[in-house]
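Close look at the chain arrangement
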Amino acid sequence: MTTDSVDTLIVGGGPAGLSAALYLARYNRRVLVFDTGHGRSTHHQTNRNYLGFPGGISTILLRELAREQLAHYPEIVFAQHTITHAEGDAEAGFTVTAQGRTWHGRSLLLATGVLDHFPHFPRWESYVGRSMFWCITCDGYENRGRDILVVGHTDAAAGEAMQLHSLTDRVRLLTNSRADDISAKFRARLDAAGIPVFHDRIKDVEGVDGRLKAVLTHGGLRLELDSLFSIQGATPETRLAQQLGVRLAPSGWIEVDTEQKTSVAGVYAAGDVTSLHSHQVTTAVHEGAQAASAANYFLYPPELKAD
């Protein structure tokens with residue numbers, strides 16, 4: 001299959017992008033997926049919220065199984081390129097660019113995800129998903145009764161600490177920032193719950209095989225722990241959306257409707273970059289499928305449409 005011009009260009013190869021590719025292929029659409037092999041689904045998490053896997057499934061294995069499933073469809077081609085520019089409209093179609101090369105699609109689906117702001121210390125990537133987490137929905141249950149350090153300097157971090165306190169009475173908070181923006185209201189709540197706050201920054205950690213044992217701070221503290229929950233925020237990857245003139249929500253995420261349509265006809269968005277639903281694999285897969293179905297309908301000639 002030639003990939004210079006396809007029915008749908010998909011930027012992002014996580015659960016949303018892979019789900020969209022599967023659905024579009026089954027609509028007999030030609031699809032080109034750009035997957036750089038980065039993002040949340042490449043961390044070491046074990047997903048236990050996805051039905052059908054009684055013991056859970058690692059996100060890395062889920063990606064591998066999805067790629068194996070999609071390999072049965074000649075309509076799908078993958079490219080390991082970082083797309084740096086996108087332009088076009090519903091009439092002329094859409095063009096994406098990487099390293100001086102361009103590809104054209106009649107429709108475009110953005111599944112670009114987010115950039116998480118994890119604490120950075122030596123070998124930090126090896127701890128993500130093993131003992132350093134960002135999501136109470138994903139990993140809170142397995143951390144019941146454990147010694148948890150919440151990292152963040154805002155009311156969002158304080159709120160997460162309060163929620164985690166319902167799972168364990170061993171919760172502490174480290175700002176890991178020169179700023180401490182926790183409001184008096186949330187400070188009072190933390191105090192009432194007996195959650196200590198340390199206004200300090202991470203210098204190094206002690207741990208082995210992705211398992212944290214202690215956090216060492218610039219101020220000389222040694223905080224032993226079982227798990228770290230990073231609540232330092234995430235930035236949605238919206239550069240391509242902005243190049244296309246796609247409207248963003250006030251929160252900064254891509255604004256979509258319930259069919260994953262953006263404000264630009266022929267452009268769809270799915271997964272964590274939309275924040276339409278909670279950031280979960282289950283919702284990413286759903287949004288990818290919904291976006292694919294909407295894109296497929298967009299691609300039909302007028303005589304096949306009911307409207």
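This text follows the structure it describes.
Let me begin by describing the structure that accompanies this report. (Residues numbered from 1 in each chain as written. Predicted model: local features only at pLDDT ≥ 70, side-chain atom pairs only at ≥ 80, totals over all residues. Heavy atoms only, no water.)

**Some points on the pairing of strand β14 (residues 202-208)**
Two elements, β14 and strand β15 (residues 211-217), share six bridges in a ladder whose sense is antiparallel. The partner of Val208 across the bridge, within β15, is Arg211. The hairpin turn running from β14 into β15, its antiparallel successor, is two residues long, and Asp209 in that turn takes a positive phi close to 55°. (Pairing = 2+ DSSP bridges. Helix = DSSP H or I, 4+ residues; strand = E, 2+ residues; numbered from the N terminus.)

**A look at the pairing of strand β6 (residues 85-89)**
On a regular strand, each side chain points to the face opposite its neighbour's, so the side chains alternate between the two faces of the sheet. Bridge count between β6 and strand β7 (residues 93-98): five bridges; the pairing is antiparallel. Pairing of Glu87 across the sheet is with Thr95, part of β7. The antiparallel hairpin formed by β6 and β7 contains three residues in its connecting segment.

**Considering the pattern of salt bridges**
Enumeration according to the criterion identifies 15 salt bridges in this entry. Arg106 serves as the salt-bridge partner of Asp7, at 3.1 Å between the closest nitrogen and oxygen. Of the two residues, Asp7 is situated in strand β1 (residues 5-11) and Arg106 in strand β8 (residues 101-110); the sequence distance between them amounts to 99 residues. (Salt bridge = Lys/Arg side-chain N within 4 Å of Asp/Glu carboxyl O.)

**A short note on the sheet that holds strand β11 (residues 148-151)**
An order of β10-β17-β11-β12-β13 is seen for the five strands of this open sheet, with the pairing classed as parallel. Both outer strands of the open sheet, β10 (132-133) and β13 (197-198), are each paired with one neighbouring strand and no more. The pairing of β11 with strand β17 (residues 227-230) spans four bridges and is parallel. Directly across from Leu149, in β17, lies its bridge partner Leu228. Together, β11, β12 (171-174) and β17 form the strand contacts of helix α4 (residues 155-164), whose direction differs from that of β12 by roughly 170°. (Contact = heavy atoms within 4.5 Å. Axes fitted to C-alpha atoms, helices over the stretch in contact; angles between N-to-C directions.)

**Regarding the packing of helix α1 (residues 15-26) against helix α2 (residues 59-70)**
The interhelical angle for the contact between α1 and α2, taken along N-to-C directions, is 15°, at an axis separation of 10 Å. Regarding the angle of α1 to α2, the classification is roughly parallel. In this structure, the crossing between α1 and α2 has a hand that is left-handed. Note on element contacts: α2 touches α1 through Arg63, Ala66, Arg67, Gln69 and Leu70, opposite Leu18, Ala21 and Leu22. Residues of the contact of α1 with α2, tallied by class, amount to five nonpolar, one polar and two charged. (Parallel < 35°, antiparallel > 145°, perpendicular 65-115°, else oblique. Left-handed = near helix turned anticlockwise from the far one by under 90°. Nonpolar A, V, L, I, M, F, W, Y, C, P; charged D, E, K, R; others polar.)

**Digging into the sheet that holds β15**
Reading across the sheet, the three strands line up as β14-β15-β16 and stay open at both edges, with antiparallel pairing between neighbours. Either end of the sheet is taken by a strand with one partner, and the two such strands are β14 and β16 (222-224). Strand after strand, the sheet turns through a mean of 25° between neighbouring axes, direction not considered.

**Thoughts on the side chain of His279**
Residue position: His279 is located in the loop between β19 (267-269) and α7 (281-299). Classification of His279 by relative accessible area gives buried; the value is 16%. Here the side chain of His279 touches Arg40 through a polar contact of 3.0 Å, side chain to side chain. A distance of 3.2 Å separates the side chain of His279 from the backbone oxygen of Asp272, its partner in a polar contact. Those residues in contact with His279, other than ones at most four positions away along the chain, are Arg40, Val114, Trp134, Trp253 and Asp272. (Buried < 20%, exposed > 50% of the residue type's maximum accessible area, 1.4 Å probe, protein only. Polar contact = N/O pair within 3.5 Å; in protein donor to acceptor, adjacent residues only side chain to side chain.)

**Considerations on helix α5 (residues 184-193)**
Within the sequence span of α5, burial applies to Phe186, Leu190 and Ala193. Along the long axis of α5, the arc covered by the buried residues comes to 65°, so they all point the same way. Exposed side of α5, more than 90 degrees from the buried face: Ala184, Lys185, Asp191 and Ala192 are the residues found there. If you follow the buried residues of α5, they end up packed against α4, β12 and β13. The first or second residue beyond α5 is Gly194, which carries a positive phi of 75°. (Arc of directions from axis to C-beta.)

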